[in-house]
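Coordinate analysis (summary)
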Amino acid sequence: MGGDIQAYRSLVAALGPAPTVCLIADPALRDTEMPAWSLAERAQHYDAELRERFGGPDHRLHLAGWSYGARVAMEMAGLAESAGRPLEALYLLDPPPPQAETLIAAYDEAQLEKVFAAELGTGASSLPTEHAQAYAERLARCCRVNLRSLGEHRVRPLASVPTYLWLAEHPTAGMPTPADPQEPDRQWNTCLPPSAVRRYLPTDHYGIVAAPHVDTVAETIRATLASPGTGTRGTTDL
């Protein structure tokens with residue numbers, strides 16, 4: 001939720017040297033004067049930056065995202081479809097369900113603190129002590145802004161982009177869960193292409209981006225990169 005990119009390290013390492021990987025961190029982690037973007041605005045900014053750098057004919061864009069980043073990647077994929085320049089593939093790692101407002105409303109302060117702690121565990125551990133507190137404050141601000149934008153966002157259904165969705169089978173301790181466990185599946189059915197591949201991994205939200213489960217994700221991504229018609233010179237992870 002905080003927009004830090006450190007959680008993607010295991011995935012990038014597992015992908016190996018073949019694809020070009022571009023990671024986009026939330027700019028508000030560096031600039032505290034950044035405006036509070038909606039999820040749709042964030043997707044538009046990120047898409048524009050990617051197209052400027054990787055929009056040439058020698059590049060084939062694949063988007064991947066975990067958690068909030070997956071929902072941003074999905075919105076970017078919708079923008080690409082609408083503009084007539086669809087992505088090669090979209091990889092979604094345990095995103096919040098399409099209709100997340102009820103789950104977001106269920107977060108209390110104790111649960112928010114757990115989110116901040118989990119995000120700090122992947123982002124600030126390597127920072128010098130004198131910078132860690134400032135980073136923690138920026139990260140907490142980003143988490144709150146992004147949670148709010150997630151709850152307000154209305155998903156743009158995808159029509160045809162090849163999509164792979166991995167969902168964690170186990171709930172994350174101390175975090176809100178849907179009242180009806182089947183409801184997220186019904187929501188995904190309404191906004192993903194009929195050809196979308198959905199898989200479940202025996203772990204929780206944070207375990208899905210850690211070994212050994214992230215290796216399963218990377219294996220699928222590598223296979224699609226190597227398939228005829230989906231080869232890449234530029235791969236983008238969020």
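Residues numbered from 1 in each chain as written. Predicted model: local features only at pLDDT ≥ 70, side-chain atom pairs only at ≥ 80, totals over all residues. Heavy atoms only, no water.

Side note on the nonpolar core
- Core analysis: the largest hydrophobic core is formed by 46 residues, its most contacted members being Met74 and Leu90.
- Those elements that provide at least two residues to this core are helix H2 (39-54), helix H3 (68-82), strand E3 (89-93), helix H5 (109-123), helix H6 (129-152), strand E4 (163-168) and helix H7 (183-191).
- The leading source of residues in this core is H3, at 9 residues.
- Leave out the neighbours within four places in its chain, and Leu90 touches Leu63, Ala73, Met74, Ala77, Leu158, Val161, Pro162, Thr163 and Tyr164. (Core = buried A, V, L, I, M, F, W, Y, C linked by side-chain atoms within 4.5 Å. Buried < 20%, exposed > 50% of the residue type's maximum accessible area, 1.4 Å probe, protein only. Helix = DSSP H or I, 4+ residues; strand = E, 2+ residues; numbered from the N terminus. Contact = heavy atoms within 4.5 Å.)

Observations concerning the confidence of the model for the chain
- The predicted model of the chain averages 88 in pLDDT, with 91% of residues at 70 or higher.
- Counting contacts from residues 230-238, a segment whose pLDDT is below 50, to residues more than four positions away or on other chains yields 52 contacts. (pLDDT = per-residue confidence, 0-100.)

What to know about the pairing of E3
- Counting buried residues along E3, 5 of its 5 residues qualify, which places the element largely inside the surrounding structure.
- Side chains Ala89, Tyr91 and Leu93 of E3 all project onto a buried face; the interleaved residues Leu90 and Leu92 project onto the opposite face, where all are buried too.
- Sheet analysis places strand E2 (residues 62-66) next to E3, joined by 5 bridges and oriented parallel. Considered in E3, the bridge of Trp66 is made with Leu93. (Pairing = 2+ DSSP bridges.)

Some details on the packing of aromatic side chains
- Scanning the model with the defined rule gives 5 aromatic pairs in all.
- Their ring planes at 80° and their centres at 6.4 Å tell us that Trp37 and Tyr46 sit as a pair that is edge-to-face. The same class applies to Trp37 as to Tyr46, namely buried.
- On the basis of an interplanar angle of 20° and a centroid distance of 6.4 Å, the ring pair of Tyr164 and Trp166 is categorised as stacked. The pair formed by Tyr164 and Trp166 is uniform in burial state, with each residue classed as buried.
- Counting every residue linked through ring pairs, the aromatic cluster contains Tyr91, Tyr164 and Trp166. (Phe/Tyr/Trp six-rings, centres within 6.5 Å; stacked < 30°, edge-to-face > 60°.)

Overview of helix H8 (residues 213-226)
- Given a rise of 1.5 Å per residue, 14 residues ought to cover 20 Å, and the 21 Å separating the end C-alpha atoms of H8 matches this to within 8%.
- Of the residues making up H8, those classed as buried are His213, Val214, Val217, Ala218, Thr220, Ile221, Thr224 and Leu225. Projected down its long axis, H8 shows its buried positions confined to an angular sector of 160°, all on one face. Of the exposed residues in H8, the ones pointing more than 90 degrees away from its buried face are Glu219 and Ala226. (Expected span 1.5 Å × (residues − 1). Arc of directions from axis to C-beta.)

Brief notes about the side chain of Thr224
- Relative to the assigned elements, Thr224 resides in helix H8.
- Residue classification places Thr224 among the buried residues on the basis of a relative accessible area of 7%.
- For Thr224, the side chain forms a polar contact with the main-chain oxygen of Ile221, separated by 2.8 Å. (Polar contact = N/O pair within 3.5 Å; in protein donor to acceptor, adjacent residues only side chain to side chain.)

Quick word on the pattern of salt bridges
- If you walk through the whole model with that rule in mind, you get 9 salt bridges.
- One salt bridge in this structure joins Arg42 and Asp26, with 3.3 Å as the shortest N-O distance. With Arg42 in helix H2 and Asp26 in the loop between strand E1 (21-23) and H2, this pair connects stretches of sequence that are 16 residues apart.
- Judged by relative accessible area, which is 4%, Arg42 ranks as buried.
- Given the relative accessible area of 3%, Asp26 is considered buried.
- The residue Glu183 makes a salt bridge to Arg186 at a minimum N-O spacing of 3.0 Å. Here the residue Glu183 and the residue Arg186 both occupy positions in helix H7, the gap between them amounting to 3 residues, near one helical turn.
- Overlapping salt bridges, with partners in common, bring together Asp47, Arg51 and Arg85 in one network. (Salt bridge = Lys/Arg side-chain N within 4 Å of Asp/Glu carboxyl O.)

Details of the environment of Thr20
- Turning to its location among the elements, Thr20 is positioned in the loop between helix H1 (9-15) and E1.
- We classify Thr20 as partly exposed; its relative accessible area is 36%.
- Residues Thr20 and Asp94, spaced 74 residues apart in sequence, show a C-alpha to C-alpha distance of 23 Å.

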